Amino acid sequence: MKRPVPVESASRLIDEKIKELGDWRGKTLAKVRAIIHEADPEMVEEWKWVKPTNPGTPVWSHGGIVCTGETYKNVVKMTFAKGAALEDRSGLFNSSLDGNARRAIDFFEGDKINERALKNLVRAAVDYNQIKLKRKAPAGARRGAGW
């Protein structure tokens, strides 16, 4: 079984990824990361899916995966694990729209990020994870110790 990368190491790996990119993609990933943490200061940074053909992917979690931050030649992709379940009032999702679970936002060079809408979407994803966690909790745990 693969061991998860410790949080401190994951944050360092994300820092290194941003620095390594050294172009608009690094700046965009850094901006998205800052917005995520502004939306939810309790967000946990992870580094997942390391394999010989992929050095890994930045992941942000709170009660489950909220989103990932993938970088490609022409796009920075922010994929929300449960995006299909989220209300996207501002229409940020512009990729992976056909799936049953995920939705993504592709950021291209020169795109302006709607920070307010993105924060709202991140918060909605965290809220969704929290609701799912409560539903999975044993009945006694949901009611509290006094019941």
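Just above sits the structure.
Here goes a summary of the coordinates provided. (Residues numbered from 1 in each chain as written. Predicted model: local features only at pLDDT ≥ 70, side-chain atom pairs only at ≥ 80, totals over all residues. Heavy atoms only, no water.)

On to the sheet that holds strand 1 (residues 44–48), then. On the basis of which strands lie adjacent, the open sheet formed by five strands has the order 1-2-3-4-5 and antiparallel pairing. Each edge of the sheet is formed by a strand with only one pairing partner; in this case those strands are strand 1 and strand 5 (103–107). Between one strand axis and the next, the sheet turns by 25 degrees as a mean value, whatever way the strands run. For strand 2 (residues 57–61) and strand 3 (residues 65–71), the ladder comprises three bridges, and the chain directions are antiparallel. (Pairing = 2+ DSSP bridges. Helix = DSSP H or I, 4+ residues; strand = E, 2+ residues; numbered from the N terminus. Axes fitted to C-alpha atoms, helices over the stretch in contact; angles between N-to-C directions.)

Let us look at the pattern of salt bridges. One pass over the full model with this rule turns up nine salt bridges. Between Glu-16 and Arg-12 there is a salt bridge; the shortest N-O distance is 2.8 Å. In this pair, Glu-16 and Arg-12 are both assigned in helix 1 (residues 7–21), four residues apart and thus about one turn of the helix distant. Linking Arg-33 and Asp-15 is a salt bridge whose minimum nitrogen-to-oxygen distance equals 2.5 Å. Placement of Arg-33 in helix 2 (residues 24–39) and of Asp-15 in helix 1 is noted, with a sequence separation of 18 residues between them. Residue classification places Asp-15 among the partly exposed residues on the basis of a relative accessible area of 41%. Here the residues in one salt-bridge network are Asp-15, Arg-33 and Glu-45, joined through shared partners. (Salt bridge = Lys/Arg side-chain N within 4 Å of Asp/Glu carboxyl O. Buried < 20%, exposed > 50% of the residue type's maximum accessible area, 1.4 Å probe, protein only.)

Considering all chains together, one arrives at one aromatic pair under this definition. The interplanar angle of 75 degrees and the centroid separation of 5.5 Å between the aromatic rings of Phe-80 and Phe-93 together place this pair among those described as edge-to-face. With Phe-80 in strand 4 (residues 76–80) and Phe-93 in the loop between strand 4 and strand 5, this residue pair connects regions lying 13 residues apart in the sequence. In this structure, Phe-80 and Phe-93 share a single accessibility class: buried. (Phe/Tyr/Trp six-rings, centres within 6.5 Å; stacked < 30°, edge-to-face > 60°.)

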